[in-house]
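The residues making up each chain are set out below.
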Amino acid sequence: MRIMGLDFGSKTIGVAMSDALFWTAQGVKTIKRSKKEIEELRELIREYEVMEIVVGYPKNMNGTLGPRCALTDEFTEVLRLEFGLPVELWDERLSTVAAQRTLLEADVSRSKRKLVIDKMAAVFILQGYLDRRQSRNIQADI
């Protein structure tokens, strides 16, 4: 069983998966937005035995909800209805910035960055969620 992380954008959806112990997030792929996106997600959910989905929630920097949040809310409702899995929203305000910085520091070319940025943002979204989940589990044990 795994947790799937998604960076939902207007043109693509970045996808990341947790490991089986829910410690780390790994980038899986970038899905082009189309009528086939739900089927592609369904296949990944089946392949990785996903038990939960985390979707990046694009709040404004001041914490308010903008127009992208409404689209994300609609998308998460589709996910809940299609897959019958819990879907959590995760504040993604700086995930793309962190992904860009990581790729720049790794000296990845601009053309290659464009190909992986959404997948990397999904990794940052999911890793943040996993870290919080882990810290809550540790605190519950104390």
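This text follows the structure it describes.
Keep in mind the model is a prediction, meaning the values are calculated, not measured. (Residues numbered from 1 in each chain as written. Predicted model: local features only at pLDDT ≥ 70, side-chain atom pairs only at ≥ 80, totals over all residues. Heavy atoms only, no water.)

(A) Layout of the pairing of strand β1 (residues 2-8). Within β1, six of the seven residues are buried, which leaves it mostly tucked inside the rest of the structure. Inspection of the sheet shows β1 paired to strand β4 (residues 50-57) by five bridges, in the parallel sense. From the neighbouring strand, Leu-6 faces β4, where its bridge partner is Val-55. Count of turn residues in the β1/strand β2 (residues 12-18) antiparallel hairpin: three residues. (Buried < 20%, exposed > 50% of the residue type's maximum accessible area, 1.4 Å probe, protein only. Helix = DSSP H or I, 4+ residues; strand = E, 2+ residues; numbered from the N terminus. Pairing = 2+ DSSP bridges.)

(B) Spatial organisation of the packing of aromatic side chains. Tallying each qualifying case throughout the model produces two aromatic pairs. Relative to Phe-75, the ring of Phe-8 lies with its centre 4.1 Å away and its plane at 10°, an arrangement referred to as stacked. Here Phe-8, found in strand β1, pairs with Phe-75, found in helix α2 (residues 67-83); they are 67 residues apart in sequence, far enough to count as distant. By the burial criterion, Phe-8 is buried, and Phe-75 matches it. An angle of 85° between the planes, with centres 5.9 Å apart, marks the rings of Trp-90 and Tyr-129 as edge-to-face. On the criterion of sequence distance, the pair formed by Trp-90 in strand β5 (residues 87-91) and Tyr-129 in helix α4 (residues 110-141) is long-range, its members being 39 residues apart. Each member of the pair, Trp-90 as well as Tyr-129, carries the same accessibility label: buried. Geometry around Phe-22 places Arg-133 over its ring, the cationic atom sitting 4.5 Å from the centre. (Phe/Tyr/Trp six-rings, centres within 6.5 Å; stacked < 30°, edge-to-face > 60°. Lys NZ or Arg CZ within 6 Å of the ring centre and 35° of its normal.)

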